[in-house]
Amino acid sequence: SRDPASLDLSGAPHDLPRGDGSPQARQAVRPTLYPPLVIGASWEVESMLAGWANWRGHVIVASIAIGVVLICSAALAHWQLLRLVQARLSAADAAELLDQAMNSMGDAFLVCDAEDRVVRWNNRYLDYFPWQRDVIGPGVPFRVLGEQAARHALPDVEPEKRAQWLEERLASRG
């Protein structure tokens, strides 16, 4: 029962005061295509906030739970990374100790993995087989070392004979 000329037609919500001056409702009014016709909406503040009061507790609990999960996940990731760093340091120490032990021996050593790729060798190996210096390295297939040995051992032999010699040596390794 307000004068339509006094209405704020911007659509912004306004408080509708009670008799004691405290807001009891919110109201928003917008014009339509027809100037004398306006659309208004109002709602009681208590009913509007009643649903939020219920959900506020749920939102707070969910936020705390997500925070705890994130902190625990970060702590577990940090712990796992520390373990990984320690394991890598231990592996590096063990590899260094193995290299020292292999280099202190009088025998030549060449260690290959299950796929017949070079893993480690000692200096004595290269003293016995210096022609391997150009091709040896971690992950090099043993066949490459054999091909280099064939070129060194049989320099004046036809490539087919050299390949046959290599195949016989590789077959004898099992």
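Residues numbered from 1 in each chain as written. Predicted model: local features only at pLDDT ≥ 70, side-chain atom pairs only at ≥ 80, totals over all residues. Heavy atoms only, no water.

A closer look at the overall build of the chain
Check the secondary structure of the chain and you find four helices and five strands. The secondary structure elements of the chain, listed N-terminal to C-terminal, are β-β-β-α-β-β-α-α-α. Computed over its C-alpha atoms, the radius of gyration of the chain comes to 42 Å, more than 25% above the 16 Å expected for a compact globule of 174 residues. Seen through its C-alpha atoms, the chain measures out along the principal axes to roughly 115 × 40 × 25 Å. The burial tally for the chain puts 13% of its 174 residues in the buried class. When contacts within the chain are restricted to residue pairs at least 6 apart in sequence, long-range pairs at least 24 apart make up 12% of them. As displayed, the chain has an accessible area near 13100 Å², and 61% of this comes from carbon and sulfur atoms. Between the mean site of the 17 positive side-chain charges and the mean site of the 21 negative ones, the chain shows a separation of 1 Å. (Helix = DSSP H or I, 4+ residues; strand = E, 2+ residues; numbered from the N terminus. Rg over C-alpha atoms; globule rule 2.2 N^0.38 Å. Buried < 20%, exposed > 50% of the residue type's maximum accessible area, 1.4 Å probe, protein only. Contact = heavy atoms within 4.5 Å. Areas by Shrake-Rupley, 256 points an atom, 1.4 Å probe, with all protein chains shown as cover. Lys, Arg positive; Asp, Glu negative; His and termini not counted. Charge placed at Lys NZ, Arg CZ, Asp CG, Glu CD.)

What to know about the nonpolar core
Among the nonpolar cores identified, the biggest contains nine residues, and these are Val118, Tyr125, Leu126, Ile136, Val140, Phe142, Leu145, Leu166 and Leu170. Of all the secondary structure elements, the ones that give two or more residues to this core are helix H2 (123-128), helix H3 (142-153) and helix H4 (159-173). Once you skip the residues sitting within four places of it in the chain, Leu126 turns out to touch Trp121, Gln132, Arg133 and Ile136. (Core = buried A, V, L, I, M, F, W, Y, C linked by side-chain atoms within 4.5 Å.)

Concerning the packing of H3 against H4
Close contact between H3 and H4 brings their axes to 10 Å; oriented N to C, the two are set at 130 degrees. Classified by the angle between their axes, H3 and H4 sit oblique to one another. In the packing of H3 onto H4, the handedness of the crossing is right-handed. For the pair H3 and H4, contact is made by Phe142, Arg143, Gly146, Glu147, Ala149, Ala150, Arg151 and Ala153 and by Arg162, Trp165, Leu166, Glu167, Leu170 and Arg173, respectively. In the contact of H3 with H4, the residues fall into seven nonpolar, one polar and six charged. (Axes fitted to C-alpha atoms, helices over the stretch in contact; angles between N-to-C directions. Parallel < 35°, antiparallel > 145°, perpendicular 65-115°, else oblique. Left-handed = near helix turned anticlockwise from the far one by under 90°. Nonpolar A, V, L, I, M, F, W, Y, C, P; charged D, E, K, R; others polar.)

What about the side chain of Asn122?
Residue position: Asn122 is located in the loop between strand E5 (118-121) and H2. Classification of Asn122 by relative accessible area gives buried; the value is 0%. Within the structure, Asn122 has its side chain in polar contact with the backbone oxygen of Met102 (distance 2.9 Å). With sequence-adjacent residues up to four places away left out, Asn122 is seen in contact with Met102, Asn103, Asp107, Ala108 and Phe109. (Polar contact = N/O pair within 3.5 Å; in protein donor to acceptor, adjacent residues only side chain to side chain.)

Concerning the confidence of the model for the chain
Across the chain, the average pLDDT comes to 87, with 92% of residues at 70 or higher. Here strand E1 (residues 14-17) is the element of the chain with the lowest mean pLDDT, 74, and E5 is the one with the highest, 93. (pLDDT = per-residue confidence, 0-100.)

Topic: the pattern of salt bridges
Throughout the structure, instances matching the rule amount to five salt bridges. A salt bridge links Arg120 to Asp99; the nearest nitrogen and oxygen atoms lie 2.8 Å apart. Of this pair, Arg120 sits in strand E5 while Asp99 sits in helix H1 (residues 45-104); the two residues are 21 residues apart in sequence, bridging distant segments of the chain. Residue classification places Arg120 among the partly exposed positions, given a relative accessible area of 21%. A salt bridge links Asp127 to Arg133, with the shortest nitrogen-to-oxygen separation between them at 3.8 Å. (Salt bridge = Lys/Arg side-chain N within 4 Å of Asp/Glu carboxyl O.)

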